[in-house]
Each structure stands twice: as structure tokens, then as C-alpha cells.
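# Coordinates in review
Residues per chain are reported as follows:
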Amino acid sequence: MLGKLIYENLQKYGFPYPIDKRICSGWAKGVPKNNSTILYTSCMYQTASLNDFYSKLIPYAEKLSPFFFLGKFIRPKKEELDRAYSILNKIASLLKKNGIEFGYLYEEEPYSGAILLELGYLDEFKSYAKQVYEFFKSRGIKRIITVDPHTHNALKRYSEFIQFDIEVVSYLELIKDVKGITNETFVIHDSCLYSRFLNLRDTYRSLIKKGGIKIVEDNMITGKDTAYCCGSPVKAVNFELSEKIARARAEQLMRLSKNVLVVCPMCYANLSKYVGNIKDLAEVIE
């Protein structure tokens, strides 16, 4: 039932749950619309703070589905949306600073389908991936720059399900010239996807090093094979377990530093309730 509902919402609203798509594109000012290279947000940073709200509704999804259209009136808090917009603008500025030209699809930007993949609805993911691919091809898109690990992972796995010949690259791979804008010492909470499956762990650590940002490591807490998840991916099926994992992870991290650095909007959303000072990498470099 859940997979079917998510898929139906994607057809109706272009997102796993109903939102006003203007929320997704509100950050972009002056970014050209037409370009064979696009910056692709999949509306992840913009909506990550709504994850708790919609996850709590999932057990009642079948009964509430006729009223899901009301979700178009639900918005992130202003401070949460402003922060997301600031991060996306910082990423865009970093790319421009490094000589990368790109466009943006504004309200036409489709969602990646990541939630279908991560919840195991593979038939629905395949069908949806084909739609997204055909949309990208119709716009003449040849290169996609992603900004978060869930979107990057979904697009990288399209080729397992459909013919997919568009280059996918993370903004982290394109930024070479950076400097840090903080003197704080951080502990890194790694994205499971970036660190273990997408081979980008060293990429963002290199940026942190180039920026002169001080970090503290411990093999049991921040090691590639020993660090554990923020708990966000399980939230859709077990909200209480997700929160338990987030609290435990926050306690672990703060043994090393009160300042936590993340590279994923979902990690931020799940850990920020339990960490006093938490920043996205894009917030501490320029």
C-alpha cells in the first residue's frame, strides 16, 4: 500500500507527498533554466525538515490518502527553509567559483525516486526512473550535478533498472578551491551512502582538509566500517527506532566534539534535535 501511495503521489504532485513545488525552487535567483548541465536538488534540502511530520502519518496513510492534497498547504518553518536556501545558494556559488556552468529546472525539477529504492519498492522505482530519464532527455540534459547522497545514489542506480546514459556527478567532486570560514573543531557524521557505497568519503574529507577545518576522528565513532547511521532511512517504517538511533548517534559524536559536521540534509534533520551545534559542510566553506 505504501509503495503504491508514494508512486501515486509522484504522479500527482511530483513528490512522495504533496507540497507546493515553489518551495523547492524558491532558493534560485538568476540561475539560467536552459543548460545541458543542471544543478539537481530533488527538493531534498528544502523538505528534509518535513520528514518527521509525514513519517508519523504513514501508519494511517490508507485512511488519510483522500486528504493528502491538504499537504500542499504544509510548509517547512521559515528558519528551516531559509537555511536550506542558504546552503543551496552556497553550493551554487562554490560551483561558479570553480568555473562550473549549470542551469536549474525550477518547478519542473522532478524528484529522484530515492524513497522507492530505499524502501524496496523496486518495480515502482524502475517505472518512475524511466519517466525521470525521459524527462531529462527531453530537456537535452547530459550532465547532472547532485547535492545530496540519497539523490546521488538513486541516479547512480538507475542504470541497474533502465538504460541511462546521463553523467551524474556530486558537487563535492567538482569543487577544488575552498577555504574554511570557521575556527571550530568538528566531528564528522558520515553519510552512510557517501562513505560506504558511493566512494565519496575521501572526497569531502579532502575538502575539509583543504579548507583548514579542524576535525577530530575516532575509529570506533567515525571509522568507515564502525560508524553507524543517523537513523533517518528507517523513519518511514519505524519512527521510534529512528529516534532511538539518532539519540544514540548524537551522544557518540558529542563525546568527540560538541560541533557536528554533516554532508546530508536527512542526517541534519534527524540529528539536529539532539546536537547543539550541527552544520552542513557547505555552511563552513567558501
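See the structure above.
Residues numbered from 1 in each chain as written. Predicted model: local features only at pLDDT ≥ 70, side-chain atom pairs only at ≥ 80, totals over all residues. Heavy atoms only, no water.

Estimated volume of the largest pocket: approximately 370 Å³. Around the largest pocket, the lining is made up of 23 residues, and of these Ala48, Ser49, Leu50, Glu80 and Ala269 lie nearest the centre. Listing elements by their share of the lining of the largest pocket, those giving two or more residues are α3 (44-47), α4 (51-57), α6 (78-97) and α15 (265-271). Residue classes in the lining of the largest pocket are distributed as 10 nonpolar, six polar and seven charged. What the second largest pocket holds in volume is close to 170 Å³. Along the wall of the second largest pocket there are 14 residues; nearest its centre are His150, Cys192, Leu193, Cys229 and Pro233. (1 Å grid on protein atoms, 1.4 Å probe; cavity = no way out; pocket = protein on both sides within 12 Å on 5 of 7 lines; lining within 4 Å. Points joined across faces, edges and corners; volume = space filled by probe spheres on them. Helix = DSSP H or I, 4+ residues; strand = E, 2+ residues; numbered from the N terminus. Nonpolar A, V, L, I, M, F, W, Y, C, P; charged D, E, K, R; others polar.)

What follows covers the nonpolar core. The biggest cluster of nonpolar side chains holds 52 residues, and the ones touching the most others in it are Phe136, Ile144, Tyr158 and Leu271. Breaking this core down by element, the ones donating at least two residues are α1 (2-13), β1 (37-40), α7 (114-118), α8 (122-138), α9 (149-157), α14 (239-256), β6 (259-262) and α15. With seven residues, α8 is the single largest residue contributor to this core. Leave out the neighbours within four places in its chain, and Leu271 touches His189, Cys230, Ala246, Arg249, Ala250, Leu253, Val262 and Ile278. Membership of the second largest hydrophobic core comes to 42 residues, among which are Ala28, Leu88, Phe102 and Ile213. (Core = buried A, V, L, I, M, F, W, Y, C linked by side-chain atoms within 4.5 Å. Buried < 20%, exposed > 50% of the residue type's maximum accessible area, 1.4 Å probe, protein only. Contact = heavy atoms within 4.5 Å.)

A word on the sheet that holds β1. Spatial strand order, β1-β2-β3: three strands in an open sheet with parallel pairing. Here the strands that pair on one side only, and so sit at the sheet edges, are β1 and β3 (167-170). Neighbour-to-neighbour, the strand axes of the sheet open up by a mean angle of 25 degrees, direction not taken into account. Here α9 sits on the sheet in contact with β1, β2 (143-146) and β3, set at roughly 160 degrees to β3. (Pairing = 2+ DSSP bridges. Axes fitted to C-alpha atoms, helices over the stretch in contact; angles between N-to-C directions.)

Let us now look at unusual backbone geometry. Trans is the common state for peptide bonds, and a negative phi is the common state for residues other than glycine. You will see that Ser42, though not glycine, has its phi angle at about 55 degrees, which is positive. Tracing the sequence through the fold places Ser42 in the loop between β1 and α3. A relative accessible area of 1% means that Ser42 is categorised as buried. Its identity is not glycine, yet Cys43 carries a phi of approximately 60 degrees, on the positive side. Relative accessible area serves as the criterion here: at 1%, Cys43 is assigned to the buried category.

This next bit is on empty space enclosed by the protein. This model, assessed by the stated rule, comprises two cavities of 30 Å³ or more. In this structure, the second largest cavity occupies an estimated 60 Å³ of space. Along the walls of the second largest cavity sit His189, Asp190, Ser191, Cys192, Ser195, Arg196, Arg201, Gly223, Lys224, Ala227, Tyr228 and Arg249, which together make up its complete lining. Of all the elements, helix α11 (residues 192-197) adds the most residues to the lining of the second largest cavity, at three residues.

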